[in-house]
Amino acid sequence: MEILDPKLQAYLEAHVDAEPEVLKNINRETHVKVLKANMLSGHYQGRLLSMLSKMVQPERILEIGAFTGYSAICLAEGLTENGVLDTIEVNPEMESMLRRNFEAAGMTDKIRLHIGDAMPKILEFTESLFNIVFIDADKKNNLNYFESVIDKVKPGGLIIIDNVLWKGKVYGDAKDADTELFRKLNDQITVDTRVEKIILPVRDGVLIIRKI
Ligand SMILES: C[S@@+](CC[C@H](N)C(=O)[O-])C[C@H]1O[C@@H](n2cnc3c(N)ncnc32)[C@H](O)[C@@H]1O
């Protein structure tokens with residue numbers, strides 16, 4: 001899913017902090033045992049998520065789309081001492097692996113797992129404001145997720161959306177429905193005056209949005 005020149009990608013990966021052992025194991029096990037393993041954020045993007053989180057020092061993080069827990073653990077690295085990350089995963093078959101991975105990372109008291117469809121769960125979060133939201137689930141709902149979380153993010157907080165360059169198709173001639181959805185997402189966020197925004201060409205494109 002990388003859009004960068006493979007040589008540049010290899011160079012970048014050789015000059016980033018090492019992948020923590022627990023994440024290396026999750027990465028490996030996911031690739032051996034789970035279908036569509038390339039959905040996992042991976043070493044380089046994972047270190048980006050970790051660094052952004054450490055810069056924000058969040059008390060509350062919301063993740064939409066847990067998969068095998070890799071990105072949740074990266075983001076949770078930056079939580080304050082009493083901070084909590086809520087992650088939502090629709091596939092109940094991931095639950096036991098997710099719980100095992102959070103345990104292996106020593107993060108069972110920092111990460112709360114919610115199994116179920118994301119949208120009704122997001123609507124349940126009424127009382128508190130998030131410092132970071134990571135949107136990485138069913139791509140067709142990206143704009144719906146953005147609109148449903150924007151009022152639940154603190155001013156200065158981040159909303160991060162994955163895969164927004166969609167294998168480079170968004171700036172090419174592709175006309176398929178998924179590509180059009182990503183173009184619509186990127187176009188709408190670009191002109192949204194509630195937020196500052198920048199797309200990083202990391203992996204499949206990571207959109208960093210900062211609420212004003
Ligand atoms: C790209 S993967 C997430 C990868 C993970 N964030 C990481 O970087 O390691 C997308 C995940 O979202 C989940 N998902 C899809 N639709 C969902 C929904 N409506 N609600 C919650 N999770 C959903 C999928 O089951 C899948 O595990």
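Before any of the text, the structure's been laid out above.
Nothing here was measured: the structure is a model prediction, and the numbers come from that model.

Any chance you could explain the environment of Leu129 here in plain terms?
Position of Leu129 relative to the elements: it lies in the loop between α6 (118–124) and β4 (130–135). What makes Leu129 partly exposed here is its relative accessible area of 37%. In this structure, the C-alpha to C-alpha distance between Leu129 and Ile208, residues 79 residues apart in sequence, is 18 Å. When sequence neighbours within four positions are dropped, the list of residues in contact with Leu129 reads Arg60, Asp151, Lys152, Val153 and Lys154.

How should the side chain of Thr179 be read in this particular structure?
One can find Thr179 in helix α8 (residues 177–190). Discounting chain neighbours no more than four positions away, the residues touching Thr179 are Trp166, Lys169, Val170 and Ala174.

What's the story with the pattern of salt bridges in this structure? I'm lost.
A side chain of one charge can pair with a side chain of the opposite charge if their charged atoms are brought near each other. Evaluated as defined, the whole model comprises 17 salt bridges. Among the charged side chains, a salt-bridge network with shared partners connects Glu29, Lys33 and Arg100.

Mind showing me how you'd approach the sheet that holds strand β7 (residues 206–211) here?
Backbone hydrogen bonds are what pair the strands of a sheet, in a parallel or an antiparallel way. On the basis of which strands lie adjacent, the open sheet formed by 7 strands has the order β3-β2-β1-β4-β5-β7-β6 and mixed pairing. Looking at strand neighbours, the two that pair on one side only are β3 (111–115) and β6 (195–200), the edges of this open sheet. Ignoring strand direction, the axes of neighbouring strands in this sheet form an average angle of 15°. Direction of pairing for strand β2 (residues 84–89) relative to β3: parallel, over a ladder of 5 bridges.

Would you mind going over the site of the ligand with me for this structure?
As a structural note, the neighbourhood of the ligand is formed by 21 residues, with Ser41, Ser71, Glu89, Asp117 and Asp136 the closest of them. Within the contact set of the ligand, a nitrogen atom lies 2.8 Å away from a side-chain nitrogen or oxygen of Ser71. For the ligand, a nitrogen atom lies 3.0 Å from a polar atom in the backbone of Ala118. Considered on its own, the ligand offers 610 Å² of accessible surface; in the complex 90% of this is hidden by protein. Among the secondary structure elements, those contributing two or more residues to the shell around the ligand are α4 (70–76) and β2. Of the residues assigned to the shell around the ligand, the class counts are 11 nonpolar, 5 polar and 5 charged.

Cut-offs used in this document
Residues numbered from 1 in each chain as written. Predicted model: local features only at pLDDT ≥ 70, side-chain atom pairs only at ≥ 80, totals over all residues. Heavy atoms only, no water. Helix = DSSP H or I, 4+ residues; strand = E, 2+ residues; numbered from the N terminus. Buried < 20%, exposed > 50% of the residue type's maximum accessible area, 1.4 Å probe, protein only. Contact = heavy atoms within 4.5 Å. Salt bridge = Lys/Arg side-chain N within 4 Å of Asp/Glu carboxyl O. Pairing = 2+ DSSP bridges. Axes fitted to C-alpha atoms, helices over the stretch in contact; angles between N-to-C directions. Near = heavy atom within 4 Å. Polar contact = N/O pair within 3.5 Å; in protein donor to acceptor, adjacent residues only side chain to side chain. Areas by Shrake-Rupley, 256 points an atom, 1.4 Å probe, with all protein chains shown as cover. Nonpolar A, V, L, I, M, F, W, Y, C, P; charged D, E, K, R; others polar.

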